[in-house]
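The primary structure of each chain is shown beneath.
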Amino acid sequence: MPANLTPQYYDAEEAFKKAVNVEEKIAALEEMLAVIPKHKGTEKIQADLKKRLSKLREEGQSKSKTARVDPFFVEKQGAGQVALVGFPNTGKSALVGAVTRARPKVADYPFTTNVPLAGMMPYEDIYIQLVDTPPISQEIIPPGLAGALRNADALLVLIDAGSDECLEQLEFCLKYLTDKKIVREAAAPDTRGILPDQRLVLATRADLPQGHENIEIMRELGPAGLEIYPISAVTGMGLEALKEKIFKILGIIRIYTKIPGKEPDMRTPFILQQGSTIQDLASSIHRDLPRLMKNARLWGSARFEGQSVMRDHLLQDRDIVEITQ
Ligand SMILES: Nc1nc2c(ncn2[C@@H]2O[C@H](COP(=O)(O)OP(=O)(O)O)[C@@H](O)[C@H]2O)c(=O)[nH]1
Ligand SMILES: [Mg+2]
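All values reported here derive from a predicted model rather than from experimental measurement.

Let us now look at the environment of Asp312. By the secondary structure assignment, Asp312 is in the loop between β10 (307-308) and β11 (319-324). Considered as a pair, Asp312 and Thr277 are 35 residues apart in the sequence and their alpha carbons are 5.3 Å apart. Excluding residues within four positions of it along the chain, Asp312 makes contact with Thr277 and Gln279.

So this is what it looks like as structure tokens:
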């Protein structure tokens, strides 16, 4: 029996896809349940919505208990979480302020940021979460910071190109990240950690007079082959390309979905890891979809538009997929 879902229902579903935390997801599911036409054709969907709702409510309760204990824990929002790490006064807060709407305190005295502070950075049609963190130095490393960094999906290491200590900063930060197993060479299953490719070193305050020379010194004397990317939060130098680099190191792709006979929904992509397949997309849309799926068609990276593809077909960033059940 057809479900004949209404525009209100699709709007609520849209809100669910956009939801960035458990509370918003719960609110959207409740709305979906409230507006879904109540007849035989939607019984299965209704039951499923109820199940998902009760699962999320449980999750929400256990989360709020743990969230209070650890002030360094930042709940993930958006397409990916990128944490900043660096010495005092390297321009961490200034960078977050320049590319997000968050307004962390920027000051020329050290230790103005005591706990992590998140802001959302718009990139094309998605948001990426940046997390400003308390500084590290030879004298002090905030306890709890390592956990927060390990929990991120990617890292920005900020080195002050305006400082004569830049090489020491670089070596100290990289060593801290490997010693604490925040950055690891190879990903082990079920262990958190960031791969070297997901860690980007920034030479900040590169507009300062000594910036150019210091960057040359770091490139020459720092680890061989390490990319050092100059930016300035004050002049804006390098910031646009930085957003693209951040998207790249997250290793994510955006997939848009469409309903047969309708225009694709280009507003809210599903975010998947690079290397994801049609099957992965189906399970992230709905738990039962991999089982119910009959056919999938692809626009974008396909050889021709609307090509039917297999479940194990590898998706590319910006693909459009239509799944029929
Ligand atoms: N010239 C210059 N100064 C900057 C830049 N970014 C930050 N600053 C200054 O450097 C100081 C420390 O910046 P802040 O963002 O608070 O550093 P944090 O301690 O790493 O968060 C402040 O006085 C900022 O105004 C930059 O790109 N260029
Ligand atoms: Mg700061």
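With that settled, the discussion passes to unusual backbone geometry. Phi angles above zero are rare outside glycine, and Lys181 is one such case at about 55 degrees. Looking at where Lys181 falls in the secondary structure, it is placed in the loop between α6 (166-179) and β5 (199-204). Here Arg205, not a glycine, exhibits a phi torsion of approximately 55 degrees, which is positive. Summarising the element assignment, Arg205 is placed in the loop between β5 and α7 (211-221).

What follows is about the nonpolar core. Counting residues in hydrophobic clusters, the biggest one holds 59 residues, and the most contacted among them are Val82, Ala83, Leu84, Leu130, Leu155, Val157 and Ile159. For this core, the element with the most residues is strand β4 (residues 154-160), which contributes six residues. The residues that make up this core include at least three from each of domain 2 (81-250) and domain 3 (251-325). The contact partners of Leu155, leaving out residues within four places of it in the chain, are Val82, Ala83, Val85, Leu149, Ile194, Gln198 and Arg199. Of all hydrophobic cores here, the second largest spans five residues; its members include Tyr9, Ala12, Ala28 and Met32.

Attention shifts here to the packing of α6 against α7. At a closest axis distance of 9 Å, the pairing of α6 and α7 adopts a crossing angle of 45 degrees. Considering their axes alone, α6 and α7 lie oblique with respect to each other. Pair α6 / α7 crosses with right-handed handedness. Residue-level inspection shows Cys166, Leu167 and Leu170 of α6 in contact with α7, the latter providing Asn214, Ile217, Met218 and Leu221.

With that settled, consider the site of ligand 1. If you check the shell around ligand 1, you find 21 residues, and the closest are Gly91, Lys92, Ser93, Ala94 and Asp108. Here the element with the most residues in the shell around ligand 1 is helix α4 (residues 92-99); it accounts for three residues. Of the residues in the shell around ligand 1, the class split is eight nonpolar, nine polar and four charged.

The next subject is the packing of helix α1 (residues 7-18) against helix α2 (residues 22-35). Relative to each other, α1 and α2 sit at 165 degrees, their axes nearing to 8 Å. Of the possible angle classes, the one that applies to α1 and α2 is roughly antiparallel. Crossing geometry of α1 relative to α2 is assigned as left-handed. Listed contacts from α2 to Gln8, Tyr9, Ala12, Glu13, Ala15 and Phe16 of α1 are Lys25, Ala28, Leu29, Glu31, Met32 and Val35. Of the residues that constitute the contact of α1 with α2, the class distribution is eight nonpolar, one polar and three charged.

Analysis parameters
Residues numbered from 1 in each chain as written. Chains lettered and ligands numbered in written order. Predicted model: local features only at pLDDT ≥ 70, side-chain atom pairs only at ≥ 80, totals over all residues. Helix = DSSP H or I, 4+ residues; strand = E, 2+ residues; numbered from the N terminus. Contact = placed C-beta atoms within 7 Å. Core = buried A, V, L, I, M, F, W, Y, C linked by C-beta atoms within 7 Å. Buried ≥ 20, exposed ≤ 12 C-beta atoms within 10 Å, placed from the backbone. Domains from an automatic or database assignment. Axes fitted to C-alpha atoms, helices over the stretch in contact; angles between N-to-C directions. Parallel < 35°, antiparallel > 145°, perpendicular 65-115°, else oblique. Left-handed = near helix turned anticlockwise from the far one by under 90°. Near = placed C-beta within 6 Å. Nonpolar A, V, L, I, M, F, W, Y, C, P; charged D, E, K, R; others polar.

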